[in-house]
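What the coordinates show
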Amino acid sequence: MEIETRELEKITNETVTDKKTKNKKEKNIQIYKTYRTFSYDLLFYYAIIYLFLTIEKKITATQVLQFDAFYILFKFLAQIPSTILIQKVGKRKSIIIANFIVAVHALVIILAPNFTYLLISQVLCAMGFVIKATCETDLLYDSIEHNEKRGATFAKIDGKATANHYYIEGISAVVSGFLFVLNPYIPMILCFLILLSVLIISTKFEDIQGKPPKRKVRDEFRNLKYSFRNILKSKRLKSLLIFNSLMVAIIKILQNLRNTVLLEVGMPEKYFGVIFAILGIISGISTKNQDRIHKKYRNKTLTFLAIPTIISCLLLGVVLILKVETKISIPIILILFTIQYIMKGPYYVLIKRYFNNFTNSEKRIKIATVNNLVENLIASTLIFGSSFILDIMPIDYTLITIGGISIILTTLLLKYMEKTVGLKMEQYSKKEIL
């Protein structure tokens, strides 16, 4: 009788624990929808940061590109310390710490007197966003029930929240453009206040995995070494790692060169916010439809997203070098910008989905760590190379050179990926399924 009572208590406790865990997961999903909308990237920032850095902080277009290149290099250097921090304190606390660091970074940009201090801000930004990139989507994945629709559910929730971010980014871009004319510091202050709000929201998340086991730093480095070794045995993951690094570099380079292109064709600075607002909304719509893109193009999805982006870069250079009259060149340039934004939004959601396929929570952290390291090392190298090209060439030849090199590299890589990515689970060997 006593044994039966203990067994009943055990079952009851397990049921209560399961219910609490389920409630925590549901709470995390609901919070994530709002959190991701505001935390996905910086608001009141991208529409004016180029102008803010060149006009207020007095740095050159080449230094602005280096500003981004150093940020990505710092992300590479911050990855291992960030991973160790995550293993030490857990995902929830790591996200809170990351949001605090990112908020401080915005404050440093506002107060920075020179380029050196601006680079310090990028060290902080890199540390914060590396932690966020490793933890945020994985926290959502942990909160979704384990079933065959898990990947689609993740993409739907993350895609909708990301799309909402782009809509808000569009509104913030319009507002920041006009506020910049009144006072260049107002948009940056609003960016800082939004980051503080995101920090507060992040404290509402619940821990699901429990306290992480205590490990020595030496053990963490050994664990990372084994992670690299196992992940790089997979041709599928190696292909995705290299492809993603190239795409991130291209997206980041175009993000900066778009401002230079607009100035080159004589677009008034006050219209920058409106232009990037409309483009942001377009990106949000395409992001919301990322699952349709995936279902339509399947194993050709990455080709569909990459090729138009790269060709648009090349065509921007052609338009500038031909010196077409403004009333013709501006509509063409805006169409090419639109293509880039249509492809960018869905890409970031879908590439995470492809990395997360055939994984569990522990393996996703390892894959995210390796991906961040490889992405940041390769992308920073390519962006530094682009800044060197921009320093010795005008913007039109820079775009043509970058576009031409990117087309060659991407075409060769996509050809190789036909046999390594986009297959069904049963078509992969055991070492491909981590």
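Details of the structure are given in the entry above.
Everything numeric here is computed off the predicted structure, so don't read it as measured data.

Taken as a whole and assessed by the stated rule, the structure comprises nine salt bridges. Where lysine 91 meets aspartate 138, a salt bridge forms, and the shortest distance between an N and an O atom there is 2.6 Å. Highlighted residues: lysine 91 in helix 4 (residues 91-111) and aspartate 138 in helix 5 (residues 115-143), separated in sequence by 47 residues. Take aspartate 138: its relative accessible area is 3%, and that puts it in the buried class. With a closest N to O distance of 3.9 Å, lysine 415 and glutamate 418 form a salt bridge. Its relative accessible area of 57% is what places lysine 415 among the exposed residues. Residue classification places glutamate 418 among the partly exposed positions, given a relative accessible area of 43%.

Okay, the packing of helix 6 (residues 150-182) against helix 7 (residues 185-202) next. It is at 6 Å that the axes of helix 6 and helix 7 come closest, and there the two elements cross at 135°. For the element pair helix 6 / helix 7, the angle class is oblique. For the pair formed by helix 6 and helix 7, the contact residues are Ser176, Leu179 and Phe180 on the first element and Ile186, Pro187 and Leu190 on the second.

All right, on to a nonpolar patch on the surface then. A contiguous nonpolar surface patch, about 290 Å² in accessible area, is contributed by Ile242, Leu377, Ile378 and Leu382. Here the nonpolar patch gets three residues from one element, more than from any other, and that element is helix 14 (residues 361-392). Turning to its location among the elements, leucine 377 is positioned in helix 14.

So, on to the environment of glycine 266. Following the sequence through the fold, glycine 266 ends up in the loop between helix 9 (235-264) and helix 10 (272-288). Under the relative-accessibility criterion, glycine 266 is labelled exposed at 52%. In this structure the C-alpha to C-alpha distance between glycine 266 and threonine 326, which are 60 residues apart in sequence, comes to 8.2 Å.

Next up on the list: the packing of aromatic side chains. The full count for this structure, using the stated rule, is ten aromatic pairs. On the basis of an interplanar angle of 90° and a centroid distance of 4.9 Å, the ring pair of phenylalanine 70 and phenylalanine 384 is categorised as edge-to-face. Within this pair, whereas phenylalanine 70 is found in helix 3 (residues 61-89), its partner phenylalanine 384 is found in helix 14, the two being separated by 314 residues in sequence. Between the aromatic rings of tyrosine 297 and phenylalanine 304, the centroid separation amounts to 4.1 Å while the plane-to-plane angle is 15°, which identifies the pairing as stacked. Judged by its relative accessible area of 25%, tyrosine 297 falls in the partly exposed class. Each residue in the set Phe70, Phe74 and Phe384 is aromatic and connected to the rest through ring pairs, giving one cluster.

Thresholds, definitions, all that
- Residues numbered from 1 in each chain as written.
- Predicted model: local features only at pLDDT ≥ 70, side-chain atom pairs only at ≥ 80, totals over all residues.
- Heavy atoms only, no water.
- Salt bridge = Lys/Arg side-chain N within 4 Å of Asp/Glu carboxyl O.
- Helix = DSSP H or I, 4+ residues; strand = E, 2+ residues; numbered from the N terminus.
- Buried < 20%, exposed > 50% of the residue type's maximum accessible area, 1.4 Å probe, protein only.
- Axes fitted to C-alpha atoms, helices over the stretch in contact; angles between N-to-C directions.
- Parallel < 35°, antiparallel > 145°, perpendicular 65-115°, else oblique.
- Contact = heavy atoms within 4.5 Å.
- Patch = residues over 30% accessible without salt bridge, like charges linked within 9 Å, V, L, I, M, F, W, Y side chains within 5 Å.
- Areas by Shrake-Rupley, 256 points an atom, 1.4 Å probe, with all protein chains shown as cover.
- Phe/Tyr/Trp six-rings, centres within 6.5 Å; stacked < 30°, edge-to-face > 60°.

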